[in-house]
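Structure at a glance
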Amino acid sequence: MSGRVEGKVAFITGAARGQGRSHAVRLAQEGADVIAVDVCANVSGSDQIAPSTPADLAETADLIKGSGRRVITEQVDVRDFDALRAAVDSGVEQLGRLDIVVANAGIGNGGETLDKTSEADWTTMIDINLSGVWKSVKAAVPHLLSGGRGGSIVLTSSVGGLKAYPNTGHYIAAKHGVVGLMRSFAVELGAHSIRVNSVHPTNVDTPMFMNENTMKMFRPDLDNPGVEDFRVVAQLMHVLPVGWVEPVDISNAVLFLASDEARYITGLPMTVDAGSTLK
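Scope of this entry: the structure provided in the associated data block. Keep in mind it's a predicted model, so treat the numbers as computed, not measured.

1. Description of helix 8 (residues 247-258)
For helix 8, spanning 12 residues, the distance from its first C-alpha to its last is 16 Å, which sits close to the expected 16 Å at 1.5 Å a residue. Where helix 8 is buried, its residues contact helix 1 (18-29), strand 4 (100-103), strand 5 (151-156), strand 6 (194-201) and strand 7 (269-272).

2. Here's the deal with the pattern of salt bridges
Taken as a whole, this structure holds 13 salt bridges when the rule is applied. With a shortest N-O distance of 2.8 Å, Arg79 and Asp77 are connected by a salt bridge. On the accessibility criterion, Arg79 (29% relative accessible area) is partly exposed. What makes Asp77 partly exposed here is its relative accessible area of 22%. Residues participating in the shared-partner salt-bridge network are Glu6, Asp33, Arg69 and Arg70.

3. Description of the sheet that holds strand 6
Strand order in the open sheet formed by 7 strands is 3-2-1-4-5-6-7, and the pairing between neighbours is parallel. Across the chains shown, the open sheet's two edge strands, defined by having one partner strand only, are strand 3 (71-75) and strand 7. Each strand of the sheet is rotated relative to its neighbour by a mean of 15°, with strand direction disregarded. Pairing analysis gives 6 bridges linking strand 5 to strand 6, with the strands arranged parallel. Looking at the pairing, Ser152 lines up with Arg195 of strand 6. Along the sheet, helix 4 (residues 119-147) contacts strand 1 (9-13), strand 4, strand 5 and strand 6; its crossing angle with strand 4, the most-contacted strand, is approximately 175°.

4. Some remarks on unusual backbone geometry
Glycine aside, negative phi is the norm for most residues, and most peptide bonds take the trans geometry. A positive phi angle, near 50°, is found at Cys40, a position not held by glycine. Tracing the sequence through the fold places Cys40 in the loop between strand 2 (33-38) and helix 2 (54-66). A positive phi angle, near 70°, is found at Asn167, a position not held by glycine. Looking at the element boundaries, Asn167 is found in the loop between strand 5 and helix 5 (169-189). What makes Asn167 partly exposed here is its relative accessible area of 29%.

5. Considerations on the packing of aromatic side chains
Counted according to the given criterion, the structure contains 3 aromatic pairs. Here Phe230 and Trp244 contribute two aromatic rings whose centre-to-centre distance is 5.4 Å and whose plane-to-plane angle is 35°, an arrangement assigned as tilted. Taken as a pair, Phe230 in helix 7 (residues 227-234) and Trp244 in the loop between helix 7 and helix 8 lie far apart in primary sequence, 14 residues in all. This pair shows no difference in class: Phe230 is buried, exactly as Trp244 is. In textbook terms, an aromatic cluster arises when at least three aromatic residues are bridged by ring pairs, as seen for Phe209, Phe230 and Trp244.

6. What to know about the pairing of strand 2
For strand 2, the buried fraction is high: 6 of the 6 residues fall into the buried class. Both faces of strand 2 are covered, namely the face carrying Asp33, Ile35 and Val37 and the face carrying Val34, Ala36 and Asp38. Remark: the strand 1/helix 1/strand 2 crossover connection has right-handed handedness. Summarising the sheet, strand 2 and strand 3 pair through 5 bridges and their orientation is parallel. Directly across from Val37, in strand 3, lies its bridge partner Glu74.

What counts and how
- Residues numbered from 1 in each chain as written.
- Predicted model: local features only at pLDDT ≥ 70, side-chain atom pairs only at ≥ 80, totals over all residues.
- Heavy atoms only, no water.
- Helix = DSSP H or I, 4+ residues; strand = E, 2+ residues; numbered from the N terminus.
- Expected span 1.5 Å × (residues − 1).
- Contact = heavy atoms within 4.5 Å.
- Salt bridge = Lys/Arg side-chain N within 4 Å of Asp/Glu carboxyl O.
- Buried < 20%, exposed > 50% of the residue type's maximum accessible area, 1.4 Å probe, protein only.
- Pairing = 2+ DSSP bridges.
- Axes fitted to C-alpha atoms, helices over the stretch in contact; angles between N-to-C directions.
- Phe/Tyr/Trp six-rings, centres within 6.5 Å; stacked < 30°, edge-to-face > 60°.
- Right-handed = clockwise from strand over helix to strand, strands pointing away.

Right under this line is the structure:
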């Protein structure tokens, strides 16, 4: 099967690398043109992970063009609603329509228990991982409504949106909030044939997860844990015998939810978690 989103246009946040890039490329492979945005800069409080760059976003654009699809890129911080709206408006003007929204941009920061989490880390987390999702959808909805063709909105949550883990309480709170956004948007937009769902990945092989700080958080018993040390503990989170999944595994779920194969699926928190939520 091919061309599952042929002729459609997708707006994707956090598209410079990681899951966002993977989603953009996968949708392009199946026929979608893409409005791809990313902050491409360091975000205060998340400097434990090297930021995405303009070169990363340009590489995403090249990969989309390699699939024969059109792409519009903008450097946008999802905390800035006016910039988001301008990017979507410009993209729709150039590409002619909007059908799919993938609100994917997010960060990881901190690593303390909630009572020790700094107010700065809390505020940055909520502003990007929760309010940024709301603002991304808010900027796009007018175009979905004016198109009169319905549409699909997919919000990136996490297994942390369905269960709790220690030392990441602000992240857990934000990702649980994304589920509330998803369900509320689904109820409010359903009469317009706009479907809204969320994806809930477990650990994914991206820079946000595969980094020295995360490895040390998982293996505090070791001074310099490596990937294999990390894998031993990460695998304990799952029913299936893996420590993490690949970005394309999440992208295939996003593609399904964006396609007409999921035409009557809305309000669904879809897990891609190797059975993590069973434990």
